[in-house]
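# Structural description and commentary
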Amino acid sequence: MSHSRDPYDRSREPQADDVYGQEPWMLDPYADPYTGQTAQTPPEGYTPEQLYAQEPYVPGPETGQMLAQTGYPPPYEGDYRTGEFQPAYEPEFEAWPTADEMRAGEPEVQHESEPDRAKGGRMAAAAAAAAAARPRLRRVRRQRGRRLDNTVLVALGLVGAMAVALLLNRPHQWEQPKLAADSSAPTAATVVCPGKPKSGADQVAVTNAAEGSGKVTLTGPGAGKGAETTVGSGKVTSASVKPGSVVVKAGKEVAPGLVAGRSTTKPLAATGCIPPQAEAWFPGVGAGATHNSILELTNPNSGAATVDISLYDEKGVVAVPEDLRGVAIPGNTTRTFDLLHVIPRKGELSLKTTVVRGQAGAMVRDRAVALESQAATEDYFPGQSMPAETNLLVGYPNSSASRTLTVTNPGDAQVSAELRLLTPKNVLTPEGAPEIRVPPNGQVQVDLTKLLGKDSASDAYGVEIVATGPVATAMRSVDGGDVAITTATETISEPTAVVVPAGAGVGKKRVLISGPVAKTGASGTVKVVPVTAKGKALKAKSVKVGPGLGAEVEVPAEAALIQLVPEGVEVNAAVVMSGDGDAVVPFRPLRTEVRTAGVAPGLPLPLEP
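Residues numbered from 1 in each chain as written. Predicted model: local features only at pLDDT ≥ 70, side-chain atom pairs only at ≥ 80, totals over all residues. Heavy atoms only, no water.

### Considerations on the side chain of Ser514
Counted only if it meets this: Here a helix means four or more residues in a row that DSSP labels H or I, a strand means two or more in a row labelled E, and each is numbered from the N terminus. To sort residues, take the accessible area from a 1.4 Å probe on protein chains only and compare it with the maximum for the residue type: under 20% means buried, over 50% means exposed, and anything in between is partly exposed. We call two residues in contact when some of their heavy atoms are within 4.5 Å.
Its location among the elements puts Ser514 in strand β30 (residues 506-514). Judged by its relative accessible area of 4%, Ser514 falls in the buried class. When residues no more than four places from it in sequence are discounted, the contact partners of Ser514 are Leu392, Val394, Leu422, Tyr461, Gly550, Glu570, Val571 and Asn572.

Structure (structure tokens):
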């Protein structure tokens, strides 16, 4: 009878006469190979050899391979009869004890009877044969990993040799490359002056607000064949030009601090000349019979330029006429578009220009037309460089028949805005201030005539618009047919200047300064220095400004240049002029330096000696 754990039951197969011809795994330690009878119970009183031989086996497949009861594969593979064995797996444990080791320390075995001895002898002989056929285990240890290939060893050796050579030849310290300066003075500057309004004596004034003197060239349709003039530091040079736009170009002597402006008297109109801009916003332009606007796109270079134009109204984006789609501007030319003729419609629009190729300066001249007399007056409409969540509209005429605020939302979500008034002592929300909600990709117009005409707003000099998203803003003031445009001003932290018209047609001039918007902003002083056209400095005045604290400084009528010097504070400011009409000219940051990126090879830090 086979053992109960033997999956291969061969007890019914005929037994061979010669037990030594059987496979070791075919032996049954409980069977008598000579009698063919299987013992019902295992014999007692085994010797160590018998116990050793009775170690149970777990038979393997028909190939003769076997697995020890421990679960490990056989330690050797091959033919046990021929003695040719190949080591296949060497478990990490010591060999089983020998018979002598098992016998050590045990009491002596009592002598058996002759029949028992004979029976045990026969079984011992069979077990001894099986033990002899099975190879002995050796005291071994498990092999740790695979043996590396010779090619891999050679490659690792070469890599190690190269690393050692680099470490030995590498200097422990070297001179770091010097980075390019992060800023430098500009070697050239270009500003664009818009064309002349419909009427009035016209001039282009140029100066240098820094310490530089040299020659500048005037080109463009308004300069005819071109002109050249000398500019000195702090001195204003005026040039007579034609009605068209003018491009002012300066070399490295005058480029830092180049300031230019164009103005007319009787009626009064003035603006600063601006450098080419990639984007400009003009909220509240007109294309109707009583209010229309003229867009001017000037290319100051010899290469061609392309400008995209977008329009918005209260309902959203307006379909652009074919004449305004991808406007191509040849080199050194100006293209003019009268919106009344290009896209005639009732009501105001918001206009955006985007330069997609080359460079171009965008400027709008805003016109008011009286239906009875057809008399028209114009003023300049400087654009806003980009929308912002907080817009400061500093400076507007003291009295006007109408004031219209336009807020444009270029985003895809509705924007809410709050209106506040800027006064010399604080920033306040006036009683009855309208709630401003701007639709996505649209505009909204607010009538501020009554709000700014109240006694509570008599000392206000500007409007602050705080929105939940970026918006572009502008306010149009009209009084007796005269137009004045107030746009969002840029923040100034360094000295700057503007040129303004001077003479009999210009009366009162006021410099309006708004302190920092944020409550955490620093307080400081601002110095206002008026200068005559010949470079003579008039009486300067310093005022203190801070968060919610502004100032108003009146300057003499003969001032042709007004310098603004902030000291430890950021401000927004503009000049408001009155005479035969009104005009507002905002202060802009001067281009006194050019930012450059520092470029150098990426090297590691030197090692310490």
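Still more to cover.
### Some remarks on the side chain of Ser350
So the rule is basically this: Polar contacts here mean pairs of N or O atoms no more than 3.5 Å apart (in protein, one a potential hydrogen donor and the other a potential acceptor; neighbouring residues in sequence count only if both atoms are side-chain atoms).
Mapping Ser350 onto the fold places it in strand β18 (residues 348-357). With relative accessibility at 0%, the residue Ser350 sits in the buried group. For Ser350, the side chain forms a polar contact with the side chain of Thr408, separated by 2.6 Å. Contact partners of Ser350, with chain neighbours within four places excluded, come to Phe282, Pro283, Gly284, Ser310, Leu311, Tyr312, Thr406, Thr408 and Gln443.

### Overview of the pairing of strand β12 (residues 279-286)
This is how it is decided: Pairing between strands requires that DSSP locate at least two bridges from one strand to the other.
When you tally the buried positions in β12, you get 7 out of 8 residues, the bulk of the element. Pairing of β12 with β18 involves 7 bridges; the strand directions are antiparallel. Bridge pairing in β18 places Trp281 opposite Lys352.

### Brief notes about the packing of aromatic side chains
Selection rule: Each pair of aromatic rings taken from Phe, Tyr and Trp, with Trp reduced to its six-membered ring, is defined by centres within 6.5 Å and is described as stacked if the planes are under 30 degrees apart, edge-to-face if over 60, and tilted in the remaining cases.
Throughout the structure, instances matching the rule amount to 2 aromatic pairs. Ring geometry for Phe282 and Phe381: centres 5.7 Å apart, planes at 80 degrees, overall edge-to-face. Here Phe381 lies in strand β20 (residues 376-381) and Phe282 lies in strand β12, a separation of 99 residues in the sequence. The same class applies to Phe282 as to Phe381, namely buried.

### Overview of the state of the cysteines
Operational definition: Working definition: a disulfide is two cysteine sulfur atoms within 2.5 Å of each other.
Applying the stated rule across the entire model yields 1 disulfide. Each disulfide pairs two cysteine sulfurs, and for Cys193 the partner residue is Cys273, the sulfurs being separated by 1.9 Å. One quick way to see it: the torsion about the S-S bond of Cys193 and Cys273 is about 105 degrees, and its sign makes the bridge right-handed. Separated by 80 residues along the polypeptide, Cys193 in strand β4 (residues 189-193) and Cys273 in the loop between β11 (269-272) and β12 bring together distant segments of the chain. Both residues of the pair, Cys193 and Cys273, count as buried.

### Concerning the sheet that holds strand β10 (residues 258-265)
Selection criterion: In this description, a line fitted to the C-alpha atoms serves as the axis of each element, helices being fitted only across the stretch in contact, and the angle between N-to-C directions of two axes falls anywhere from 0 to 180 degrees.
Here 4 strands make up an open sheet; going across it, the order is β8-β5-β10-β11 and the pairing antiparallel. Looking at the sheet topology across the chains shown, the edges are occupied by β8 (237-239) and β11. Looking at each pair of strands side by side, their axes are set apart by 20 degrees on average, direction ignored. Pairing of strand β5 (residues 201-208) with β10 involves 8 bridges; the strand directions are antiparallel. Bridging from a neighbouring strand, Val204 pairs with Arg262 of β10.

### Section: the sheet that holds strand β29 (residues 496-499)
Sheets are built from strands that pair by backbone hydrogen bonding, the pairs being arranged parallel or antiparallel. Spatially, 4 strands are ordered β29-β34-β31-β32 in an open sheet, and the strand pairing comes out antiparallel. The sheet is open, and its two borders are formed by β29 and β32 (541-545), each paired with just one other strand. On average, adjacent strands in this sheet sit at an angle of 20 degrees to one another, irrespective of strand direction. In this structure, strand β31 (residues 524-531) lies alongside β32, joined through 5 bridges in antiparallel fashion. Its bridge partner lying in β32, Val528 is registered against Lys541.

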